[in-house]
Amino acid sequence: MANFGQDIRYALRQLRKSPAFALTAIVTLGLGIGVNAAMFSVIQQVLLHPLPFANQNRLVSIEHGAREGTGSSAPFSLPDLKDYVARSHSLESVAWYTFALPTLGGTSDPRAVPQLVLSPNFFHLLGVHPAMGRGFTPNDSKPGHDHVLILSNRAWEKYYHGNRNILDRVVPIDGVPYTVVGILPPGVTFPIGAKNEIFSPLDSSAKSFHDRSNSALEAIGLLRPGVTPAQAQSELNQIHQQLEHEYPKDEDKAPLRVENYRNSVIYGTRPAMFALDWAVLAVWLIACANVAGLVLTRTNARRREIAVRAALGARRGRIAAQFLTESFLLALAGGGVGLGIAALALHLLSKYLAGKVLFGKDIHIDLAVFGFLLVASGISAVLFGLLPAWHASGVPAQEGLREGTAAAGTSRRQAFWRDGLVVTEITLTLALLIAAGLMMRTLLSLRNTNLGFDASHVVTGSIFMPARTNWWAPNSSDTTQPNMVKTFFDPLQQKLSAIPGAEAAGLTTVRPLNANFNFNSTVQFRNRPKLPSNEEPTAEVRASTAGYFKAMGIRLLQGRLFNNEDGPSAPVAIVINRALKEEAFPHQNPLGQQIEIGNTGPREWGTIVGVIENSHQSSPGQAPQPEMDVNLDQLIPSDPFYPILATFHMDLAVRGHLEPALMETTIRKDVHDLEPMIAVQDLEPMQEVVNKALTDQTLAARLLGIFGLAALLIAIAGIYGLLAYSVSQRTRELGVRIALGAQRNNIVWLVLRHALVLLGIGIAVGLAVAWGASGIMRSFLYGARGWDAVTILLVVLTLGLCGLAASYIPARRAAAVDPVEALRSE
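Every chain's residues receive numbers from 1 upward, in the order its sequence appears when written. Thresholds applied to this predicted model are a pLDDT of at least 70 for local features of residues and 80 or more for the giving and counting of side-chain atom pairs; totals over whole chains, interfaces and linings are not thresholded and use all residues. Water and hydrogen atoms were dropped before computing side-chain values, which therefore reflect all heavy atoms in the structure.

Novice: Is there a simple way to think about the packing of helix α3 (residues 78-87) against helix α6 (residues 229-246) in this case?
Specialist: How two helices sit against one another is set out by the angle between their axes and by the gap between those axes. In contact at an axis separation of 10 Å, α3 and α6 are set at 125 degrees when each is read in the N-to-C sense. Accordingly, the angle class assigned to the pair α3 and α6 is oblique. Remark: the crossing between α3 and α6 carries right-handed chirality. On α6, the residues that touch D80, D83, Y84 and R87 of α3 are E235, L236, I239, H240, Q242, L243 and E246. All amino acids are sorted into three groups, where Ala, Val, Leu, Ile, Met, Phe, Trp, Tyr, Cys and Pro are nonpolar, Asp, Glu, Lys and Arg are charged, and the leftover types, Gly among them, are polar. Class assignment for the residues of the contact of α3 with α6 results in four nonpolar, two polar and five charged. In this description, a line fitted to the C-alpha atoms serves as the axis of each element, helices being fitted only across the stretch in contact, and the angle between N-to-C directions of two axes falls anywhere from 0 to 180 degrees. Strands here mean DSSP runs of E at least two residues long; helices mean DSSP runs of H or I at least four residues long; both are numbered from the N terminus. In what follows, roughly perpendicular refers to angles from 65 to 115 degrees, roughly parallel to angles under 35, roughly antiparallel to angles over 145, and oblique to any angle outside these ranges. The crossing is said to be left-handed when, going from far helix to near helix, the turn is anticlockwise and less than a right angle, and right-handed when the turn is clockwise. The contact definition used throughout considers only heavy atoms, calling two residues in contact when any of these lie within 4.5 Å.

See below:
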């Protein structure tokens, strides 16, 4: 213990003697440790944070359809789910749900709020009990008893200010009275990470729910104790095969997948998090390699000191312990700096993390992060301190005592290890810069992608109408409901078109880059054989007005757009996009072809009148899907598409040169003048929508760019430090060369040649590492491959030029050595 205290005091004295070295090492380590601590905090929260469900360990998601490719899955029909419950032995229970976005009344400003409509056993399956009131009972799903409501804690506080008298209060949902029976505990919602605010029981008495072809429900399950997700998946797929045999026309042939619920939630974010984690790990290793080079260089300058201690009787282990103590002090100080860097990084990323990763708003520095910092500091000390300590303890006393100056040179073994550390830095830096370059190419490609519309001078937004029917269980035979097209949409279009400065205005069910609403339907063409339901082509279905295409700047490729002659009594006009034309009519003229839009009668078929350019429906990086737009002005309540496309959600677009803020105010007033209970949300310039759609790629490119720049600076500092020290060690040799007639240019080339060898080896190994990781990178890229020659060439040139620039100053210093002074010093 006495030796340990003595080592610490001696180490502090040595570090005080070299403040520049200590500060450089501490800041370098702080950067490497800090970014890793920040990523550890994120991963800990996402992967280890307990779910707010008592049954989280047995909770599984049940998905219908393969995830590969799009990551999507098909919903279930209620008869199928009931068959799975009845025939399964591995599941204790199954619950189902669907989503809605009704208008919540009873507040100062009507708002569309996310709603989960679910089976009454849902919260019991999760193991969740309301903080106030009661949960749902089987009786709540019966007709006439289903108008009860449970609020999320967030909705209770946001809309009702935490009023504890809310229970049994009647609130209007889409104008229909619902009774509040419970409040969920804080932090509880479903799905995890979603913002569903109200929960109500599903009335499954609708006739459409008993149709096995009506798939509109998502499912979760609770495993029996001791059953694994893989066992449940095997059993459910056997049941699925039985149902395929019993109902061949209605069953989807895609297999079922059962997995732990947490794993299913983080499926999309896990690859990106781990990719960034590898990036910050590379920065940490580069930092450790750089500090190891600094310590090794400093150790060489202290050979005389080490030799004196050895001559006085210090053993090899004692000397190594002294140097490791200095390394641990540097690492602990670096960990302290890293704590500040981690806190700053999380603060800067907090807004992004809150909306993009599981429990992102809860990410913070806690005891686990402190523990990680201590462990990372200890590992860092071993990584950068062990090799120098080993070399220091192995210096022969006679050799060290003979050295009268630092200019005598460096042992070949030390030079080998120091060069190896620089090569490691170059290798990791190159791989990281290539990843950053590819992400920047992806961002550039996305920004230059032809999105199929012109976002400039366009204000867009969403309106949510109190629904007259359930979109997941439409009833097109209900002729008592008002025609929203005539009573609301037509007058709204006239008002929007009359806004001062407006050049065009229109409505559509779903505007481009709106991934929250995608209405897919199978497509059947007239005079073609009818295919089984699971083999029919599908398309995104929209209802749009004639002014919408002009307002969004969507180009007409063939035929015409909607016009005033397309009235309710005329044949339904349909405009398709280029993707549907190329899929369905690759070598035909699609104009005049008919698409099935009903079951019987004169409006059974719609006629294709035009072809428009593709628009990206979900994101700039996802290819446009086949799409068909029916004329909104022609829809009537008896049409099958009417309940889905014209009753609860509509996007608007207005093109003009009026200030966006003023235009948004005018739009909101125009809507509420027609119907005060309609919610207007997300009014913003379309260019902002485009920018938000690029948020993920922008952040990834920036983070990788920052990590790559940090790695580049550390690596360049390492090259400069190595060559500068090497020149100082070779002063006598260089003086002799110049005295014997060597030209100054030859001396410069001698030093640069050493740098070029290190750069060449590091770049070669780095390219091999990047090639090995290209498969991982490919899944994050758009418009660039995992191995892009242009990006690789630019990165190699950048690193090479920076490396040569860092080498040039020591080379010039070497060429300026005065041979007389160099030889006199010896």
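Novice: Please explain the side chain of Q634 as it appears in this structure.
Specialist: Within the fold, Q634 resides in the loop between β21 (627-631) and α17 (642-645). A simple rule labels every residue: compare its accessible area, found with a 1.4 Å probe on the protein chains alone, to the largest value its type can have, and call it buried under 20%, exposed over 50%, or partly exposed in between. Q634 gets classed as buried once you look at its relative accessible area, which sits at 1%. Distance and chemistry together define a polar contact, namely a pair of N or O atoms within 3.5 Å, with one atom able to donate a hydrogen and the other to accept it when in protein, and with adjacent residues in sequence counting only for side-chain atoms on both sides. Within polar-contact distance, the side chain of Q634 engages the backbone nitrogen of A573 at 2.8 Å. If we skip the residues at most four places from it in the chain, Q634 touches D566, G567, P568, A570, P571, V572, A573, R603 and D639.

Novice: Help me understand the pattern of salt bridges, please; the structure alone is not making it clear to me.
Specialist: A side chain with one charge can pair with a side chain of the opposite charge if their charged atoms come near. Salt bridge criterion: a side-chain nitrogen from Lys or Arg within 4 Å of a carboxyl oxygen from Asp or Glu. This structure, assessed with the given rule, holds 15 salt bridges. One salt bridge in this structure joins E582 and R578, with 3.3 Å as the shortest N-O distance. Taken together, the residues span about one helical turn, with E582 and R578 both in helix α16 (residues 578-584) at a distance of four residues. With a relative accessible area of 47%, E582 lands in the partly exposed category.

Novice: Which parts of the structure should I look at to understand the packing of helix α22 (residues 744-772) against helix α24 (residues 789-815)?
Specialist: At their nearest, the axes of α22 and α24 sit 9 Å apart, and the two run at 150 degrees to each other. On the basis of the axis angle, α22 is roughly antiparallel to α24. Here α22 and α24 pass one another in a crossing that is right-handed. Residues R744, I747, V748, V751, L752, A755, L756, L759, I763 and L767 of α22 touch α24, and the partners they reach there are I792, V796, L799, G800, G803, L804, S807, Y808, A811, A814 and A815. Classifying every residue of the contact of α22 with α24 gives 17 nonpolar, three polar and one charged.

Novice: Is there a simple way to explain the packing of aromatic side chains in this structure?
Specialist: Pairing of aromatic rings covers Phe, Tyr and Trp, the last counted by its six-membered ring, and requires centre-to-centre distances within 6.5 Å; plane angles under 30 degrees mean stacked, over 60 mean edge-to-face, and any other angle means tilted. A complete count under the given rule lists 16 aromatic pairs for this structure. Relative to F199, the ring of F123 lies with its centre 5.5 Å away and its plane at 75 degrees, an arrangement referred to as edge-to-face. Of this pair, F123 sits in helix α4 (residues 122-126) while F199 sits in strand β10 (residues 198-201), and the two are 76 residues apart along the sequence. For F123, a relative accessible area of 7% translates into the label buried.

Novice: How should the nonpolar core be read in this particular structure?
Specialist: Generally speaking, soluble globular proteins have nonpolar side chains that are buried together. The biggest cluster of nonpolar side chains holds 47 residues, and the ones touching the most others in it are I463, F489 and M628. V423, L433, L734 and I738 belong to the second-largest nonpolar core, a separate cluster that totals 30 residues. Buried Ala, Val, Leu, Ile, Met, Phe, Trp, Tyr and Cys residues form a nonpolar core when they are joined through side-chain atoms within 4.5 Å.

Novice: Just to check I follow, could you spell out the pairing of strand β13 (residues 458-464) for this structure?
Specialist: Consecutive side chains of a regular strand alternate in pointing toward one face of the sheet and then the other. Counted residue by residue, β13 has seven buried out of seven residues, so it is predominantly covered. The alternating pattern of β13 places V458, T460, S462 and F464 and V459, G461 and I463 on opposite faces, both of which are buried. Both β13 and strand β22 (residues 649-656) contribute to a ladder of seven bridges, which runs antiparallel. If you follow T460 over to β22, its bridge partner there is A653. At least two bridges found by DSSP between two strands are what make those strands a pair. Relative to strand β23 (residues 679-685), β13 runs antiparallel, the two being bridged by five bridges. Each residue of the ladder has a partner; that of T460, found in β23, is E684.

Novice: Looking at this model, I keep getting lost on helix α5 (residues 153-160). Mind explaining?
Specialist: Every α-helix winds through 3.6 residues per turn, so residues three or four apart in the chain are directed the same way. Every buried residue of α5 is accounted for by N153, A155, W156, Y159 and Y160. The buried side chains of α5 occupy one side of the element, clustering within an arc of 165 degrees when seen end-on. Packing partners of the buried residues in α5 comprise β3 (103-104), β4 (111-112), β6 (132-133), β7 (148-151), β8 (170-173) and β9 (176-183). Directly beyond the C-terminal end of α5, a positive phi value near 55 degrees is found at H161. Here the arc refers to the set of directions running from the helix axis out to each C-beta atom.

Novice: Explain α6 here, please?
Specialist: Given the number of residues in a helix, its expected span is that number minus one, multiplied by 1.5 Å. With 18 residues, α6 should cover 26 Å at 1.5 Å per step; its first-to-last C-alpha distance of 25 Å lies within 8% of that length. Of all the positions in α6, only A232, E235, L236, N237, I239, H240 and L243 are classed as buried. Here the buried face of α6 lies against β1 (59-64), α3, β2 (91-100), β11 (218-223) and β12 (256-260).

Novice: How should unusual backbone geometry be read in this particular structure?
Specialist: Excluding glycine, residues mostly carry a negative phi; peptide bonds, for their part, are mostly trans. Omega for the peptide link from F190 to P191 comes to -10 degrees, which places this bond in the cis form. For H161, which is not glycine, the phi torsion reads 55 degrees and is therefore positive. Tracing the chain through its elements places H161 in the loop between α5 and β8. The exposure class assigned to H161 is exposed, which follows from its relative accessible area of 71%. Residues other than glycine seldom take positive phi values, yet D168 does so here, at roughly 70 degrees. A residue is classified by how much of its surface remains accessible, and D168, at 62% relative accessible area, is exposed.

Novice: What am I meant to see in the pairing of β22 here?
Specialist: Where burial is concerned, most of β22 is hidden: eight out of the eight residues are buried. Where burial is concerned, the two faces of β22 agree: the one with H649, D651, A653 and R655 and the one with M650, L652, V654 and G656 are both buried. Where strand β14 (residues 502-508) meets β22, six bridges bridge the pair, whose relative direction is antiparallel. Residue A504 lies in a different strand from β22, and its bridge partner there is R655.

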